[in-house]
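# Secondary and tertiary structure notes
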Amino acid sequence: MTPATVVLATMGSWGDIFPVIGLAKGMSDAGLDVRVAASPTYDELVTGEGLSFSGIGPPLGFSDYASDPKILSGRLGGFAGFAHLFRHFIFPALDRYVDDLATAIGGADLVLAHPALVAAPIAAERVGVPWATISVFPGLIPTAYAPPGPTRVELGSGLLGRASHRAAWSVARLNMSRLFDGPVNRTRRRLGLAAVSDCFFAPVESGRPYLVMASPAVIERPVDWPSNVKLTGNVTWDRVSSFPDPHGLEEFVSAGDPPVLVTLGASSSLDPQNFYRHAVDAVTGLGHRALVLTGPTPTPVDLPDDPRVFGTMFAPLSRVASRCLAAIHHGGVGTTVELLGAGLPQLVVPRAFDQPQTAIRMRRLGVARTLP
């Protein structure tokens, strides 16, 4: 019997592509024919793991996004940065995303797509391939028990809190419709497809499977989520074959007391400002060593010339986190899950996107403190 072909389509940074690679490897081991469709900049990363890859959209890399740090803006609860990302990077190339993805999914039995990859439902409808959603973050699913993400405010789940959340979701739905429906329908018209409304929430409201790759031990499932939304448990992966082992890392970690881990992951490292220096000064000022993972920032990181400090772009958290004392980080989902697995106390300093809500969850679980 010919194995089923599944295309995993995603967008975003390491926090989005890493779990997709982990899922693809698991599905491949289970006997499925799996392809990954993502930015062409991830070609080597994916094929280095022995997986099939299709590039979709323009080859935008971290340096392209770093040239426009407005995408990390926290204005309007983070909506300003989110809207800037789509208006300046995604919508101008939406036709290309759809055409590339339509080619990538030709002959597939199923497409599993990132919830913000608005090209996926269009391409799937054009080609006639069933589609569903995979996500690492539940903050795009409307519920009366939580506000739209990102947010930095906890209102509780009482009557007043639920009423406030419903009102906030109504505003969010209106804003997302204004942002997305026009560009999406222009592309749909080009392909002879009928216009849609409220398209951003189509993945969750379509009745199609919506798989949240998160643990119910971390994310409590709201009672008003639709039945098509499932919590699957975490999918983690960070052992990147195409990234060389940082020279001197093992010697540093083994040389003394466990260091404090400092990182902004990938997306937040695009505009680090003085985060690394301030964090390192705080760590060393308390008499601890610091292991700094700078991410793919194009900005030179000014770390002190101090034997107590080791800096490198990347190291697998699955390898180093359990050997650290604590962590100061941005609250990215992938980073947070690995730190939970290692049992590290955390100081979360959220910047944008889903990070403020992750910070709230970690504080609520009692495993972290947070700073704005």
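Right, let's walk through the structure included here. (Residues numbered from 1 in each chain as written. Predicted model: local features only at pLDDT ≥ 70, side-chain atom pairs only at ≥ 80, totals over all residues. Heavy atoms only, no water.)

### Looking at the sheet that holds strand 9 (residues 290-293)
To keep things clear, this is the line we draw: Any two strands with at least two DSSP bridges between them are considered paired. Each helix is a run of H or I in the DSSP string that is no shorter than four residues. Each strand is a run of E no shorter than two, and both are numbered from the N terminus. Lines fitted to the C-alpha atoms define the axes, with helices restricted to the stretch that makes contact. Angles between their N-to-C directions range from 0 to 180 degrees. Contacts are assigned to residue pairs with any non-hydrogen atoms lying within 4.5 Å of each other.
The strand order across the open sheet built from six strands is 10-9-8-11-12-13, with neighbouring strands paired in parallel fashion. Strand pairing shows two members of the sheet lacking a second neighbour, strand 10 (309-312) and strand 13 (368-370), which therefore form its edges. With strand direction ignored, the average angle separating the axes of adjacent strands in the sheet is 15°. Taken together, the four bridges between strand 9 and strand 10 define a ladder with parallel strand orientation. Across the sheet, Ala-290 pairs through a bridge with Val-309, a residue of strand 10. The strands touched by helix 10 (residues 275-285) within the sheet are strand 8 (260-263), strand 9, strand 10 and strand 11 (326-329), with strand 8 carrying the most contacts at an inclination of about 170°.

### Quick notes on empty space enclosed by the protein
Selection criterion: Within this scheme a cavity is a closed region of a 1 Å grid, computed over the protein atoms alone, that accommodates a 1.4 Å probe without allowing it to escape, whereas a pocket is open but has protein on both sides within 12 Å along at least five of seven lines; lining residues each have an atom within 4 Å of a point. Grid points are joined across faces, edges and corners, and a volume is the space filled by probe spheres set on the points.
The final tally for this structure, using the stated rule, is two cavities of 30 Å³ or more. One number sums up the size of the largest cavity: a volume of about 140 Å³. Lining of the largest cavity is provided by 16 residues; of these, Val-218, Ile-219, Val-333, Val-337 and Thr-358 occupy positions nearest its centre. Elements with a contribution of two residues or more to the lining of the largest cavity: helix 12 (333-342) and helix 13 (355-365).

### Focus on helix 12
To keep things clear, this is the line we draw: Three exposure classes are used, based on accessible area relative to the maximum for each residue type with a 1.4 Å probe and protein chains only: buried under 20%, partly exposed in between, and exposed over 50%.
Residues Val-333, Thr-335, Thr-336, Val-337, Glu-338 and Leu-339 constitute the buried set of helix 12. Along its buried surface, helix 12 packs onto strand 8, helix 11 (317-320), strand 11, strand 12 (346-348) and helix 13. Where helix 12 terminates, the next one or two residues include Gly-343, which has phi positive at roughly 75°.

### Details of the sheet that holds strand 2 (residues 33-38)
With parallel pairing, the seven strands of this open sheet are ordered in space as 3-2-1-4-5-6-7. Of all the strands in the sheet, the pair left with one neighbour each is strand 3 (52-55) and strand 7 (229-231). In this sheet, adjacent strand axes meet at a mean angle of 25° when their direction is disregarded. Each of strand 1 (5-9), strand 2 and strand 3 touches helix 5 (residues 94-104); the most contacted strand, strand 2, lies at about 170° to it.

### A word on the side chain of Arg-289
Spelled out, the test is: The charged-residue count follows a simple rule in which Lys and Arg add positive charge and Asp and Glu add negative charge, with His and chain termini not counted at all. Each reported salt bridge corresponds to a side-chain nitrogen of Lys or Arg within 4 Å of a carboxyl oxygen of Asp or Glu. The term polar contact refers here to a pair of N or O atoms within 3.5 Å; inside protein, the definition further demands a hydrogen-donor-capable atom paired with an acceptor-capable atom, and it admits residues adjacent in sequence only when both atoms are side-chain atoms.
Within the secondary structure, Arg-289 sits in the loop between helix 10 and strand 9. One buried charged residue, Arg-289, forms no salt bridge at all, with the nearest opposite charge on Asp-257 at 6.6 Å. From its side chain, Arg-289 meets the backbone oxygen of Phe-252 in a polar contact 2.8 Å long. Those residues within four positions of Arg-289 in sequence are excluded, and the remaining contacts are Phe-252, Val-253, Ala-255, Gly-256, Asp-257, Pro-259, Val-260, Val-283 and Arg-308.

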